[in-house]
Amino acid sequence: MSQQETHGFQTEVKQLLHLMIHSLYSNKEIFLRELVSNAADAADKLRYNALTNDALYEGDGDLRVRISADKEKGTVTIADNGIGMTRDGVIEHLGTIAKSGTADFFKSLSGDESKDSQLIGQFGVGFYSSFIVAKKVEVKTRAAGHNADEGVHWVSEGEGEFTVDNINIENRGTEIILHLRDDEKEFADDFRLRSIITKYSDHISVPVEMFEAGTPESEGEDGEKIPATEGSWKSMNKATALWTRSKSDITDEEYNEFYKHISNDYADPLLKAHNRVEGKQEYTSLLYIPAKAPWDMFNRDAKQGLKLFVQRVFVMDDAEQFMPSYLRFVKGLIDSNDLPLNVSREILQDNKVTTALRSGVTKRVLGMLEKLAKNDEEKYQTFWAEFGQVLKEGPAEDFANREKIAGLLRFASTHTDSAAPTVSLDAYLERMKEGQDKIYYIVADSYEAAANSPHIELLRKKGIEVLLMSERIDEWLVNHLTEFKEKKLHSVTRGDLELGELEDKEEKEEAEKLASESESLVKRIKDALGDKVSDVKVTTRLTDTPACVVTGEGDMSTQMIKLMEAAGQTVPESKPLFEVNPNHPLMTRLDTEQDEQLFADWSNLMLQQAQLSEKGSLADPSSFIKLMNQMLMAK
Ligand SMILES: Nc1ncnc2c1ncn2[C@@H]1O[C@H](COP(=O)(O)OP(=O)(O)OP(=O)(O)O)[C@@H](O)[C@H]1O
C-alpha cells in the first residue's frame with residue numbers, strides 16, 4: 001500500500017534553494033562535491049556503527065560510491081552503500097536545515113547576489129546543491145539493518161515541497177538521481193563527469209567509482225584474437241585516507257579539496273599543518289585555518305571542533321574537546337591510535353589522552369600562527385582581520401599559553417597613528433623608552449575616542465607609545481593579560497599614570513610644586529563636588545585639557561562597567577577620581593572665581609564634561625545641557 005505523503009520544506013530551505021539557484025550558477029559543479037562528500041560520510045558512519053554491530057554490513061563490507069549518467073534521460077546518479085536513511089531520517093534531513101542560527105543567517109543576507117553567493121558558500125548548501133543543476137531530484141534510500149520493504153523514495157522539484165513514499169530496496173544505502181535541467185545536460189556527459197570527479201574525489205577515503213564499458217572481441221595487428229572484456233566499475237580516486245599518506249605525496253590541490261570536504265567552505269584555506277606525532281601519544285593531525293571567518297563564529301550554539309578518527313575509523317564530527325574555544329575557527333581532524341574505538345563524547349570530556357592531544361594541537365596551531373606572523377606579516381594581517389577578535393579570548397581561557405597568544409595579538413597604537421591593528425606587543429617592547437617598565441594602553445568605545453582621549457596627552461608629548469584598544473573584547477582581554485614578558489600592562493585611565501623613571505627629577509619637582517600651589521583650588525573643588533567624586537587631585541597626565549576622570553586602582557573600569565550594564569547586570573556604584581589640570585586657562589579662571597555658587601557650577605560642568613569624554617554618555621544629560629546653557633548665557 002502506498003504511503004505517499006507530501007511535505008513542505010522548512011522556510012529556510014525554500015530561501016536557500018531560491019538563493020542558491022540564482023547565486024551559485026558560476027560554480028555549478030559543486031553539487032558533485034557535496035553529494036560525493038555526503039556519500040563518503042555515510043560510508044564512514046556505517047563503518048563506525050558496524051564496529052559494534054557487524055550485521056549492519058549485511059554481508060557487503062566493501063564500501064564505495066558509484067557515479068553514473070544516462071545521457072538519453074539526462075540523469076546523473078550518485079549511489080552509495082553507506083548507512084542509508086529511514087523514512088523519519090529522510091523527512092528530517094532532506095527538508096530542513098539543522099544548523100543553529102540559520103534564520104539569523106538568512107536575515108543577514110544583503111540581496112546582492114555576488115556578495116550573498118560568497119556567504120552561501122561558507123554556509124554550506126550540502127544536499128540542496130542538487131537543485132543547482134537538477135529540475136527534479138529523487139532519493140532512494142534504505143537504512144542499514146532495516147528490512148528491504150523499509151526503503152524510502154523521496155522526490156522533489158525543489159519548489160516548496162517534496163513527497164516521500166515507501167518502496168522496496170534490496171541493498172542498503174542511498175541513491176540520488178538528478179534529472180538535469182535542459183541547459184545542464186552537459187553533466188550527463190561521461191567525459192565531463194570523469195574530469196569533475198577526478199578533481200573532487202582524490203582525497204575521499206572510500207573508492208569513488210565510474211563504470212568503464214567493456215570492449216568487444218577484436219583482432220590485433222598480427223591477426224591474433226584479442227578477447228572481449230567485460231565492463232566493470234573502476235575507482236577514480238586513490239581511496240586512501242589523505243592524512244595517512246606521506247606529506248610529500250600530497251599536492252596542494254588535494255589538501256585544499258580535502259579542506260573543502262570537511263569544512264563546508266568553498267574557498268581555499270589560508271594555512272594548513274599536517275603532522276604525525278609519535279611517542280607517548282600517537283596521532284596524526286591535519287589542521288586548517290580558513291581564509292574567512294565562518295558566518296556563525298560568534299553563535300554560541302554553532303558546531304565547532306575537529307573530526308575525530310580512531311585508527312583511521314571515523315568516530316565523530318565536531319569533537320570540540322580537542323580545540324580550545326578561542327581557536328574554534330580551526331578546521332581539521334585528529335586520528336588517534338590511543339583512544340578506544342567506542343569512545344563517546346562523555347569519555348572524551350575527562351580523558352588523559354584528550355588532554356594531551358588538545359594541548360598538542362593547540363601548540364601546533366599557535367606555532368603555525370607564530371610562523372606566519374614572522375614570515376608573512378601581510379598574510380598574518382588577513383588572518384588577524386578575520387579571527388583576531390576570537391584569539392583575544394585566549395589569554396582568559398588558556399592560562400598556560402597566555403604569553404604565546406599575547407605574542408600573536410595586534411593592536412592600533414599611537415606609534416602608527418592609524419586604526420589598523422598592526423602593532424605587536426614585541427614591537428612595543430622594542431620601542432620602549434629608556435626607563436619605561438610598563439606597557440601603556442587605553443580602552444575606549446572607538447579608535448577615535450581612544451586616540452583623542454585626554455588621558456594620553458602627556459604620554460603623547462613625551463613620545464611614549466600607547467596601545468589604542470576599542471573592541472568589545474579588549475576590556476576582557478586586559479583583565480586577563482596583566483603582563484607580557486615581565487612588563488606590566490597599565491591602563492592610562494586608571495589610578496596613577498605611574499611613569500616611574502620616565503619622569504625626570506625636574507619634572508617631578510615641578511609637579512610637586514604645582515600640586516602644593518594648587519592645594520586650595522583642589523580643596524575648593526572637592527568641597528563643591530562633595531560626594532560626586534571619590535577624590536580630587538592635580539593631574540599627572542593632562543596637558544591640553546582642563547580635567548579628566550580616572551578609575552581608582554581597585555575599581556571597575558568604565559569599559560567593564562559598560563560591558564556589564566549591556567549584559568543587564570547591576571554594577572556597584574563607584575565614584576570617579578577627578579583630576580584637574582591647574583595650568584589650563586579654564587582652571588586658572590576658576591581659581592579666581594569668588595562667587596561660591598558660580599564656582600560650584602563651573603566645577604560641576606568640568607566634572608560632567610570629563611565624564612562625558614570618558615564614558616561617551618552621562619547619567620543625566622539634560623541637567624548637563626541646562627547647566628552648560630546657563631553658563632553660556634551668564635555675563
Ligand atoms: N548519501 C547519504 N546517506 C545517508 N545520509 C545522507 C546522505 N546524504 C545526506 N544525508 C543526510 O542528510 C543530512 C543533510 O545533508 P546535507 O548535505 O544537507 O548537510 P550535512 O552534510 O549534514 O551538512 P554539511 O553539508 O553542512 O556538512 C546529512 O547530515 C545526513 O544525515
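Given the structure is predicted, the values throughout are model-derived calculations rather than measurements.

What counts, and where the lines are drawn
- Residues numbered from 1 in each chain as written.
- Predicted model: local features only at pLDDT ≥ 70, side-chain atom pairs only at ≥ 80, totals over all residues.
- Helix = DSSP H or I, 4+ residues; strand = E, 2+ residues; numbered from the N terminus.
- Rg over C-alpha atoms; globule rule 2.2 N^0.38 Å.
- Buried ≥ 20, exposed ≤ 12 C-beta atoms within 10 Å, placed from the backbone.
- Contact = placed C-beta atoms within 7 Å.
- Pairing = 2+ DSSP bridges.
- Axes fitted to C-alpha atoms, helices over the stretch in contact; angles between N-to-C directions.
- UniProt positions renumbered as here; feature names shortened; annotations may be inferred.
- Parallel < 35°, antiparallel > 145°, perpendicular 65-115°, else oblique.
- Left-handed = near helix turned anticlockwise from the far one by under 90°.
- Near = placed C-beta within 6 Å.
- Nonpolar A, V, L, I, M, F, W, Y, C, P; charged D, E, K, R; others polar.
- Core = buried A, V, L, I, M, F, W, Y, C linked by C-beta atoms within 7 Å.
- Expected span 1.5 Å × (residues − 1).
- Domains from an automatic or database assignment.

Draft legend 1. Fine view of the overall build of the protein. Along its length, the protein carries 23 helices and 25 strands. Over its C-alpha trace the protein gives a radius of gyration of 33 Å, far above what one expects of a compact globule, namely 26 Å for 635 residues. Its C-alpha atoms put the protein at 120 × 55 × 50 Å along the principal axes. Per-residue burial over the protein gives 38% buried out of 635 residues. Put simply, 72% of the contacts in the protein that link residues at least 6 apart link residues at least 24 apart.

Draft legend 2. Seen up close, the sheet that holds strand β16 (residues 331–336). Taken in spatial order, the five strands line up as β12-β13-β16-β14-β15 in an open sheet, and their pairing is mixed. Only two strands of the sheet have a single partner each, and these edge strands are β12 (271–277) and β15 (313–319). When the angles between neighbouring strand axes are averaged without regard to direction, this sheet yields 15°. When strand β13 (residues 283–289) meets β16, the two strands line up antiparallel, connected through six bridges. Across the sheet, residue threonine 284 finds its bridge partner in β16, namely aspartate 335.

Draft legend 3. Just the UniProt feature "coiled-coil region" (unreviewed entry) in the protein, in detail. The feature "coiled-coil region" (unreviewed entry), as given by UniProt, occupies residues 499–528 in the numbering adopted here. A helix fraction of 77% and a strand fraction of 0% characterise residues 499–528, whose end C-alpha atoms lie 30 Å from each other.

Draft legend 4. Spotlight on the packing of helix α22 (residues 596–615) against helix α23 (residues 621–633). Axis separation between α22 and α23 bottoms out at 10 Å; the angle between their running directions is 130°. Considering their axes alone, α22 and α23 lie oblique with respect to each other. Handedness of the crossing formed by α22 with α23: left-handed. Two secondary-structure elements touch here, α22 through Asp601, Asn604, Leu605 and Gln608 and α23 through Phe624, Leu627, Met628 and Met631.

Draft legend 5. Molecular detail of the site of the ligand. Around the ligand, a shell composed of 16 residues is seen, among which Asn38, Ala42, His93, Gly126 and Phe127 lie nearest. A class-by-class count of the residues in the shell around the ligand yields six nonpolar, eight polar and two charged.

Draft legend 6. The nonpolar core, seen in detail. Tyr441, Ile442, Val466, Leu467, Leu468 and Phe578 are the most contacted members of the largest nonpolar core, which totals 89 residues. Dropping the residues within four chain positions of it, phenylalanine 578 is found in contact with Leu529, Val533, Val536, Ala547, Val549, Leu607 and Ala610. Residues Leu32, Leu94, Val125 and Tyr128 belong to the second largest nonpolar core, which totals 60 residues.

Draft legend 7. Local environment of the sheet that holds strand β18 (residues 418–423). The strand order across the open sheet built from six strands is β18-β17-β20-β19-β22-β21, with neighbouring strands paired in mixed fashion. Each edge of the sheet is formed by a strand with only one pairing partner; in this case those strands are β18 and β21 (483–484). Examined bridge by bridge, strand β19 (residues 438–443) and strand β20 (residues 466–469) share four bridges and lie parallel to one another. Paired with isoleucine 442 across the bridge in β20 is leucine 468.

Draft legend 8. Examining α23 more closely. Its 13 residues give α23 an end-to-end C-alpha distance of 18 Å, which sits within 8% of 18 Å, the value for a rise of 1.5 Å per residue. Of all 13 residues in α23, zero are buried, a share of ten percent or less.

Draft legend 9. Representation of the domain arrangement of the protein in the model. Along its sequence, the protein is carved into domain 1 (5–213), domain 2 (242–386), domain 3 (410–500) and domain 4 (514–553 + 572–633). Inter-centroid distance (C-alpha atoms) of domain 2 to domain 4 is 55 Å.

Draft legend 10. Spatial organisation of the pairing of strand β8 (residues 208–212). Pairing between strand β2 (residues 65–70) and β8: three bridges, direction parallel. Its bridge partner being in β8, arginine 66 is matched across the sheet by glutamate 209. Across four bridges, the pairing between β8 and strand β11 (residues 232–235) is antiparallel. Residue pairing across strands places glutamate 212 opposite serine 232, the latter belonging to β11.

Draft legend 11. Main features of the packing of helix α1 (residues 11–23) against helix α5 (residues 113–123). Contact geometry of α1 with α5 gives a least axis separation of 10 Å together with a crossing angle of 115°. Handedness of the crossing formed by α1 with α5: left-handed. Of the residues in α5, those in contact with Leu19, Met20, His22 and Ser23 of α1 are Glu113, Asp116, Ser117 and Ile120. By residue class, the composition of the contact of α1 with α5 is three nonpolar, three polar and two charged.

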